[in-house]
Amino acid sequence: MSDSVSGCTEHRSGVTEAEVEALVRGICFKTGPPRTLGVELEWHVHELRDPRLPAPPARLEAAYAALRTLPLTSALTIEPGGQLELSSAPAASLMECVRSVSADLDAVRATLRESELALSGFGHEPWNPPTRYLREPRYDAMEVYLDRFGPEGRAMMCSSASVQVCLDAGYEEPGPLGHERRWWLAHQLGAVLVAAFAHSPLARGRTTGWRSTRQALWAAMDPGRTNAPALDGDPRGAWARLALDAPVMCVRAAEGPWGVPGGMTFREWTRSDAPPSREDLDYHLTTLFPPIRPRGHLEFRMIDAQPGADGWIVPLAVTAALFEDAEAAETAYLSVKPLAERAGSLPPPRNPLWVAAARSGLADPELREAATVCFAAAAEALPRLGASTEVQDAVAEFTDRYVARGRCPADELLDLFHGKDIPA
């Protein structure tokens, strides 16, 4: 959501269909030994005295102006509904990422407290309706486009928040860390991550019937930009075809509102009398929202924002362990391989496996079984990745509290909503 883009300020030469395919294939999967990882954290911002109270826009604006003066390592951006996002710099290790982002969060929270504001981690805002904070041509056009498919787009823009883990694409060669294996594993293991970290069962103060309402929103939006590509072949070719056949969300303009075409694909645009520029292609790629997005690295977009100040560390550590450690990656691959049959021919996030993950979380027996194996493999791998005792303990505590009981953070939120005691 927070991809940095520039306005259209000058005429650029158009790109052909063949050039687009070559460019997309070249820039989206950059292979080599996995060396870096990162995380993007989205947070809801609310009144410090009561998380059910949204922050007034004027106070948000003043607080965000103060935050922009901080010497952060992470990039700070603001989402359409006023959500705050921190995007880490690429880190050479799990602990480097954890330490740098934790330090940035400490500084952000201290500054927000001066304005009597605070952060909270919910996959979907539990109490208040979607409300636009940013008024920019990009988001005005996005709203017009997504409204054609229903109200879910506005909720995604203004009410959702996530933990997005970013990992290198992997080796060119086959094997547990090869890019084709990692691409396939990401789309099967992604359902397990949805289920284990689901934390959005409420909207507008009511239960929704989903453990991850955020994931349900993505599945209800424009399938041309939220579906995964076909997984039975070369990932580069499949992604290039998806990018070309995805509808154009908007056409940038130097002044005034951006255009919102009616059903034109990017492939059709390249064949028109006024083809898109390379900058138009770069922007178009930022408007594609599949569960795993290749951007040179792999961006895992399916994990809900987590409860607690440091809850984000667990999905970061578990995902990194299952993809960066060869032994854990092989265990994860074997544990989720049976789930592929259940997923069937439909792409994530609309296939039966992903729908069950969003609806039931780890109450689904097959997802619980796979999560149990994967979390155990991650725990064994974390010392090999240099994880601190604190990080290992956080993963163990999450495993005992949720995975071992067939629960997820959404279940505790539902218990609180219904006035039940939360298990110790």
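Residues numbered from 1 in each chain as written. Predicted model: local features only at pLDDT ≥ 70, side-chain atom pairs only at ≥ 80, totals over all residues. Heavy atoms only, no water.

Observations regarding the overall build of the chain
Step number 1: Secondary structure summary: the chain contains 18 helices and nine strands in total.
Step number 2: Along the first, second and third principal axes, the C-alpha atoms of the chain reach 65 × 55 × 40 Å.
Step number 3: Across the 424 residues in the chain, those meeting the buried criterion constitute 56%.
Step number 4: Across the chain, contacts joining residues at least 24 apart in sequence account for 76% of those joining residues at least 6 apart.
Step number 5: In the structure as shown, the chain presents an accessible area of about 16,900 Å², 52% of it carried by carbon and sulfur atoms.
Step number 6: Each charge class in the chain can be summarised by its mean position, and for the 42 positive and 57 negative side chains these summaries are 3 Å apart. (Helix = DSSP H or I, 4+ residues; strand = E, 2+ residues; numbered from the N terminus. Buried < 20%, exposed > 50% of the residue type's maximum accessible area, 1.4 Å probe, protein only. Contact = heavy atoms within 4.5 Å. Areas by Shrake-Rupley, 256 points an atom, 1.4 Å probe, with all protein chains shown as cover. Lys, Arg positive; Asp, Glu negative; His and termini not counted. Charge placed at Lys NZ, Arg CZ, Asp CG, Glu CD.)

Some remarks on a negative patch on the surface
Step number 1: A surface patch of negative charge is lined by Glu390, Asp393, Glu397 and Asp400.
Step number 2: Residue placement: Asp400 occurs in helix 17 (residues 389–401). (Patch = residues over 30% accessible without salt bridge, like charges linked within 9 Å, V, L, I, M, F, W, Y side chains within 5 Å. Salt bridge = Lys/Arg side-chain N within 4 Å of Asp/Glu carboxyl O.)

Topic: unusual backbone geometry
Step number 1: A cis amide bond links Pro348 with the next residue in sequence, Pro349, at an omega value of 5°.
Step number 2: Tracing the sequence through the fold places Pro349 in the loop between helix 14 (339–343) and helix 15 (352–360).
Step number 3: A positive phi is found at Glu116, a non-glycine position, where the angle reads about 60°.
Step number 4: Along the chain, Glu116 turns up in the loop between helix 3 (94–114) and strand 4 (117–120).

Section: the pattern of salt bridges
Step number 1: Applying the stated criterion across every chain yields a total of 27 salt bridges.
Step number 2: Across the pair Glu17 and Arg271 runs a salt bridge, and its minimum N-O distance is 2.7 Å. Here Glu17, found in helix 1 (residues 17–28), pairs with Arg271, found in the loop between helix 10 (266–270) and helix 11 (278–286); they are 254 residues apart in sequence, far enough to count as distant.
Step number 3: Taking the shortest distance from any N to any O, the salt bridge between Glu143 and Arg154 comes out at 3.5 Å. A residue pair is termed long-range when its members are at least 10 positions apart, and Glu143 in helix 4 (residues 137–147) and Arg154 in helix 5 (residues 152–159) qualify at 11 residues.

What to know about helix 11
Step number 1: If you check which residues of helix 11 are buried, you get Asp280, Leu281, Tyr283, His284, Leu285 and Thr286.
Step number 2: Where helix 11 is buried, its residues meet helix 1, helix 4, helix 8 (223–226), helix 9 (235–245), helix 10 and strand 8 (292–294).

Some words on the confidence of the model for the chain
Step number 1: Summing up the model confidence of the chain, the mean pLDDT is 95 and the portion of residues at 70 or higher is 96%.
Step number 2: Confidence over residues 4–11 falls short of pLDDT 50; this stretch has nine contacts with residues more than four positions distant or in other chains. (pLDDT = per-residue confidence, 0-100.)

Regarding the environment of Glu19
Step number 1: Of note, Glu19 is situated in helix 1.
Step number 2: Taking C-alpha positions, Glu19 is 9.4 Å from Arg278, a pair spaced 259 residues apart along the chain.

As for the packing of helix 2 (residues 57–67) against helix 3
Step number 1: For the pair helix 2 and helix 3, the least separation of the axes is 10 Å and the interaxial angle reads 140°. Relative to helix 3, helix 2 is oriented oblique. As helix 2 packs across helix 3, the resulting crossing turns out to be right-handed. For the pair formed by helix 2 and helix 3, the contact residues are Ala63, Ala66 and Leu67 on the first element and Val108, Thr111 and Leu112 on the second. (Axes fitted to C-alpha atoms, helices over the stretch in contact; angles between N-to-C directions. Parallel < 35°, antiparallel > 145°, perpendicular 65-115°, else oblique. Left-handed = near helix turned anticlockwise from the far one by under 90°.)

Re the environment of Pro71
Step number 1: You can see Pro71 is positioned in the loop between helix 2 and strand 2 (75–78).
Step number 2: Pro71 sits 36 residues away from Ala107 along the chain, and the two C-alpha atoms are 9.0 Å apart.

Considering the pairing of strand 3 (residues 84–87)
Step number 1: Side chains of strand 3 alternate between two faces, with Leu84 and Leu86 and Glu85 and Ser87 buried alike.
Step number 2: In terms of strand pairing, strand 1 (residues 37–47) meets strand 3 through four bridges, oriented antiparallel. Looking at the pairing, Glu40 lines up with Ser87 of strand 3.
Step number 3: Between strand 2 and strand 3, which pair antiparallel and follow one another directly, the connecting turn spans five residues, one of which, Gly82, has a positive phi of 95°. (Pairing = 2+ DSSP bridges.)

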